[in-house]
Amino acid sequence: MGLFSKIFNRNKNGDAQNSSPASVFVNPVKVEFHSHLIPGVDDGCEHIEQSMELVRGFAALGMQKIITTPHVMSDFYKNSRDNVYPLRDEIRKRIAEENITIEFDAAAEYMVDDAFEQKIEEGNLLTFGKDNKHILIELPFMTEPRNLGSSLFSLQIGGYIPVLAHPERYLYYANEKDKYHELKDRGVLLQLNMLSCLGYYSKPVAEAAAYLVNNKLIDLVGSDTHHIRHLHILPDAIHHKIYRKACELELLNNYL
Ligand SMILES: [Fe+2]
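None of the values given here were measured: they were computed from a predicted structure.

Student: If you had to explain the packing of helix α2 (residues 48-60) against helix α3 (residues 81-97) to someone new, which residues and values would you point to?
Tutor: Across the interface, α2 lies against α3 with an axial gap of 11 Å and an inter-helix angle of 55°. Relative to α3, α2 is oriented oblique. Crossing of α2 over α3 shows right-handed handedness. Across the interface between the two elements, Ile 48, Glu 49, Ser 51, Met 52, Val 55 and Arg 56 of α2 pack against Glu 90, Ile 91, Arg 94 and Ile 95 of α3.

Student: Requested: an account of the pattern of salt bridges, with residues and values cited.
Tutor: What the rule picks out here adds up to 12 salt bridges. As a salt-bridge pair, Arg 94 and Glu 98 come within 3.1 Å of each other at their nearest N and O atoms. Residue Glu 98 is classed as partly exposed on the basis of its relative accessible area, which comes to 29%. Here Lys 184 ties to Asp 219 by a salt bridge, and the two come within 2.9 Å at their closest N and O atoms. Remark: Asp 219 occurs in the loop between α8 (203-214) and β9 (220-222) and Lys 184 occurs in helix α7 (residues 178-185); sequence separation between them is 35 residues. Here Lys 184 falls in the partly exposed class, since its relative accessible area comes to 24%. For Asp 219, a relative accessible area of 11% gives the class buried.

Student: Break down the coordination of the iron ion for me, with residues and values.
Tutor: Those protein atoms acting as donors to the iron ion are His 34 (NE2), His 36 (NE2), Glu 109 (OE) and Asp 224 (OD), and they sit at 2.1 to 2.2 Å. Here the iron ion binds four donor atoms, and the angle range of 83 to 172° at the metal identifies the geometry as irregular. If you list the donors of the iron ion from N- to C-terminus, the spacing comes out as H-x1-H-x72-E-x114-D. One end of the pair, His 34, is in the loop between β1 (31-32) and α2; the other, Asp 224, is in the loop between β9 and α9 (228-238), and 190 residues separate them in sequence. Judged by its relative accessible area of 3%, Asp 224 is buried.

Student: Let's hear about the packing of aromatic side chains: which residues, and what values?
Tutor: One pass over the full model with this rule turns up 10 aromatic pairs. Judged by centre distance (6.2 Å) and plane angle (85°), the rings of Tyr 170 and Tyr 173 are edge-to-face. Residue classification places Tyr 170 among the buried positions, given a relative accessible area of 0%. By way of ring pairs, the aromatic residues Phe 141, Tyr 170, Tyr 172, Tyr 173, Tyr 180 and Tyr 211 are connected into one cluster. Seen from the ring of Tyr 85, Arg 88 lies directly overhead, with NZ or CZ sitting 4.1 Å from the centre.

Student: I'd like to hear about the pairing of strand β2 (residues 65-68), residue by residue, with values.
Tutor: Side chains Lys 65 and Ile 67 of β2 all project onto a buried face; the interleaved residues Ile 66 and Thr 68 project onto the opposite face, where all are buried too. In the sheet, β1 pairs with β2 via two bridges, with the strands oriented parallel. Among the inter-strand pairings, Val 31 is bridged to a residue of β2, identified as Lys 65. With respect to chirality, the unit in which β1 leads through α2 into the neighbouring parallel β2 is right-handed.

Student: An account of α2 is requested, with residue identities and associated values reported.
Tutor: A rise of 1.5 Å per residue sets the reference length of α2, with its 13 residues, at 18 Å; its end C-alpha atoms lie 18 Å apart and thus fit the reference within 8%. Turning to α2, its buried residues number three or more, namely Ile 48, Ser 51, Met 52, Leu 54, Val 55, Gly 57 and Phe 58. Immediately downstream of α2, the backbone of Gly 62 shows phi near 95°, a positive value.

Definitions and limits used
- Residues numbered from 1 in each chain as written.
- Predicted model: local features only at pLDDT ≥ 70, side-chain atom pairs only at ≥ 80, totals over all residues.
- Heavy atoms only, no water.
- Axes fitted to C-alpha atoms, helices over the stretch in contact; angles between N-to-C directions.
- Helix = DSSP H or I, 4+ residues; strand = E, 2+ residues; numbered from the N terminus.
- Parallel < 35°, antiparallel > 145°, perpendicular 65-115°, else oblique.
- Left-handed = near helix turned anticlockwise from the far one by under 90°.
- Contact = heavy atoms within 4.5 Å.
- Salt bridge = Lys/Arg side-chain N within 4 Å of Asp/Glu carboxyl O.
- Buried < 20%, exposed > 50% of the residue type's maximum accessible area, 1.4 Å probe, protein only.
- Donors = N, O, S within 2.8 Å, 3.2 Å for Na, K, Ca; no water.
- Tetrahedral: all angles 85-135°; square planar, octahedral: opposite > 155°, others 65-115°.
- Phe/Tyr/Trp six-rings, centres within 6.5 Å; stacked < 30°, edge-to-face > 60°.
- Lys NZ or Arg CZ within 6 Å of the ring centre and 35° of its normal.
- Pairing = 2+ DSSP bridges.
- Right-handed = clockwise from strand over helix to strand, strands pointing away.
- Expected span 1.5 Å × (residues − 1).

Right under this line is the structure:
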């Protein structure tokens, strides 16, 4: 089934079928802000043709704006404005040449590692949002980093708004759910990965995603698309009941 038919041929439960227009769920989220489309800088797109394929795909899914977020990790991905913005501009040029109606910008997904606080101190962080104050952060999958508290403090003192990528994927939080509430109380925004709803990463991650949505803890949703295979299963995520329920929350995507 092609991408378009996967999007539109659904019944109200989200199952693929020959449905009538009345049963079509229209994704209200128009700003996609977590992906890896900058070519050759992380484990996402390898070259610009892949980036453009994904840009076209997001436009077909009804997105009006993409803010792509290459990894920044001290040991592996030393990305900064210096290399990311010129590549962003190349993609913008291609978007204009192909007359694709979509805004395109770039920020980053910062790993909270030992070098992160130094980066905060230096400034020049790749931020996003209309206020340019939002910053996407991620954590190691095995353990909470010991400098998380001090990093969040430094960010907030600096006027940044931290957005934690895919909290459902950190199983040390899923096993200790008070931590989600503590993060929210500290002013951290939580971003759900759309594919988590499907059980794409694992069943415990899907269960944590459901918990976060059911307890109204999610502020933003994102695709975390790295390659075309992710894009191809996004329509399934969009029609999943947990994603639909997330869309009933006061999501901030469309204000970015
Ligand atoms: Fe990511």
